[in-house]
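Close look at the chain arrangement
Spelled out from the first residue to the last, the chains are:
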Amino acid sequence: MFSRLARLSRPKAIAVSAVPLATLVAVVALAPLPFAVAQPGGTADVLGKYEGKPVLTISGAPTRETKGELRMTTIVATGPQMDVRLGDVIDGWFRTDRAVMPKDSVYPDGDDVKEVEKHNLGDMRESQDSATKAALGYLRANGVDGTDKVEVKADLGKIGGPSAGLFLALGIVDKLDGDGSGGDLTGGRTIAGTGTISAKGKIGPVGGVAMKTQAAARDGATVFLVPEAECSDAEAEKPKDLQLVPVTTLASTVDSLRALEKGGKVPSC
């Protein structure tokens, strides 16, 4: 094959070579790739309602009326069984409202839609339990009485995953104790953000924060709470006038919100 090609004139050789190259490009363009394309999803105010139902229902202790909003954020990604092709990937790379991510980082448990949904909802339930333990533990450590009999139920519909943990914990604290001085944790603002939380109040990274900052700004937030380890990701596509506040623990997050309310010094990315 190579000896025959060497005897062809240059124009003919190029033409012959172009045939398999064009075929290869066509195959790559049409072949499904192991990626998911994500974009900003919805947000939900944990102090209010989601799909007509209260997000947080607290019994066993008096709750307070709150002002402002604490909005947990989401991303929406192409489904685990949806094919993503070269054109989708190229389009995602050149758009600020899209992100191309390895499929196994979005769906680590495979391509079965029902199994993925079951796993994500399980993560959400565990996150709710951890958020409740973290919030009540924080309140007890700060001398708030009457939390021993408190029960919390959270309802975010079919939103799955663990990334609402921080905001569920903040919502519980705000509804039971506010800022500890009669005011609201939000200071009347719309505050958004993301982060997992452990039962001891440690905040962890979640992924997709660049998309989540855009969802936050779209829905009226002026402050975004971001796990400290993901500050650089959050800054990558940060909307104008959205203040980023890095967070590491529930206690330090409450301190930052108090400082924000009083015009004090607040950590920044």
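Residues numbered from 1 in each chain as written. Predicted model: local features only at pLDDT ≥ 70, side-chain atom pairs only at ≥ 80, totals over all residues. Heavy atoms only, no water.

1. What about the overall build of the protein chain?
Each helix and strand in the protein chain was counted, giving nine helices and twelve strands. For the protein chain, with 269 residues in total, the buried portion stands at 42%. Across the protein chain, the fraction of contacts at a sequence separation of at least 24, relative to all contacts at a separation of at least 6, is 76%. Looking at the protein chain as shown, the accessible area adds up to about 14,300 Å², and 54% of this sits on carbon and sulfur atoms. (Helix = DSSP H or I, 4+ residues; strand = E, 2+ residues; numbered from the N terminus. Buried < 20%, exposed > 50% of the residue type's maximum accessible area, 1.4 Å probe, protein only. Contact = heavy atoms within 4.5 Å. Areas by Shrake-Rupley, 256 points an atom, 1.4 Å probe, with all protein chains shown as cover.)

2. A look at the pattern of salt bridges
All told, the structure shown has six salt bridges when counted by the stated rule. Across the salt bridge formed by Asp 184 and Arg 64, the nearest N and O atoms sit 3.1 Å from each other. Taken together, the residues span a long stretch of sequence, with Asp 184 in the loop between helix H6 (165-177) and strand E8 (190-193) and Arg 64 in the loop between strand E4 (56-59) and strand E5 (69-77) at a distance of 120 residues. Arg 64 shares its class with Asp 184; the two are buried. A salt bridge links Asp 219 to Arg 218; the shortest N-O distance between them is 2.9 Å. (Salt bridge = Lys/Arg side-chain N within 4 Å of Asp/Glu carboxyl O.)

3. Here's the deal with the layout of surface pockets
Its volume calculated, the second largest pocket comes out at about 160 Å³. Surrounding the second largest pocket, 13 residues form its lining, Ala 99, Ala 210, Met 211, Asp 233 and Ala 236 being those nearest its centre. Element by element, the count of residues in the lining of the second largest pocket is highest for helix H7 (residues 209-218), at three residues. When its residues are assigned to classes, the lining of the second largest pocket shows five nonpolar, three polar and five charged. (1 Å grid on protein atoms, 1.4 Å probe; cavity = no way out; pocket = protein on both sides within 12 Å on 5 of 7 lines; lining within 4 Å. Points joined across faces, edges and corners; volume = space filled by probe spheres on them. Nonpolar A, V, L, I, M, F, W, Y, C, P; charged D, E, K, R; others polar.)

4. Details of the confidence of the model for the protein chain
Looking at the protein chain as a whole, the pLDDT averages 84, with 76% of positions reaching at least 70. Note that residues 1-14 has pLDDT below 50 and, in this model, three contacts with residues that lie over four places away or in other chains. Scored below 50 in pLDDT, residues 21-31 shows six contacts in the model against residues more than four places distant or in partner chains. (pLDDT = per-residue confidence, 0-100.)

5. Here we look at H6
Taking 1.5 Å of rise per residue, 13 residues should cover 18 Å, and H6 covers 18 Å from first to last C-alpha, within 8% of that figure. In terms of burial, H6 is largely enclosed, as twelve of its 13 residues are buried. Among the residues of H6, those classed as buried are Gly 165, Leu 166, Phe 167, Leu 168, Ala 169, Leu 170, Gly 171, Ile 172, Val 173, Asp 174, Lys 175 and Leu 176. Of the residues trailing H6, Gly 178 is marked for its positive phi of about 60 degrees. (Expected span 1.5 Å × (residues − 1).)

6. Here we look at H7
Burial within H7 is extensive, with eight of its ten residues counted as buried. Among the residues of H7, Val 209, Ala 210, Met 211, Lys 212, Thr 213, Gln 214, Ala 215 and Ala 216 are the ones counted as buried.

7. Brief notes about the pairing of E4
On E4, burial follows the alternation: Leu 56 and Ile 58 on one face are buried, whereas Thr 57 and Ser 59 on the facing-out side are not. Where E4 and strand E7 (residues 151-154) come together, four bridges link them in antiparallel fashion. If you follow Ile 58 over to E7, its bridge partner there is Val 152. (Pairing = 2+ DSSP bridges.)

8. Observations regarding the state of the cysteines
The final tally for this structure, using the stated rule, is one disulfide. One disulfide bridge connects Cys 231 with Cys 269, the sulfur atoms lying 2.0 Å from each other. On the sign convention where negative means left-handed, the S-S torsion of about -65 degrees between Cys 231 and Cys 269 marks this disulfide as left-handed. Of the two residues, Cys 231 sits in helix H8 (residues 231-236) while Cys 269 sits in the segment after helix H9 (250-262), which places them 38 residues apart along the sequence. (Disulfide = S-S within 2.5 Å.)

9. Observations regarding the nonpolar core
If you look at the biggest cluster of nonpolar residues, it comprises 44 residues, and the most contacted ones within it are Leu 156, Leu 170, Leu 225 and Leu 250. For this core, the secondary structure elements donating two or more residues are E4, E5, helix H5 (113-141), H6, strand E11 (223-227), strand E12 (243-247) and H9. A per-element tally of this core places H6 first, with eight residues. Those residues within four positions of Leu 156 in sequence are excluded, and the remaining contacts are Ala 44, Tyr 50, Val 55, Met 72, Met 124, Ala 164 and Leu 168. Core analysis: the second largest hydrophobic core is formed by ten residues, Ala 221, Phe 224, Cys 231 and Leu 242 among them. (Core = buried A, V, L, I, M, F, W, Y, C linked by side-chain atoms within 4.5 Å.)

10. Some points on the side chain of Arg 64
Only 3.1 Å separates the side chain of Arg 64 from the side chain of Asp 184, close enough to count as a polar contact. Residues in contact with Arg 64, not counting those within four places in the same chain, are Asp 174, Lys 175, Leu 176, Asp 177, Gly 178, Gly 182, Gly 183 and Asp 184. (Polar contact = N/O pair within 3.5 Å; in protein donor to acceptor, adjacent residues only side chain to side chain.)

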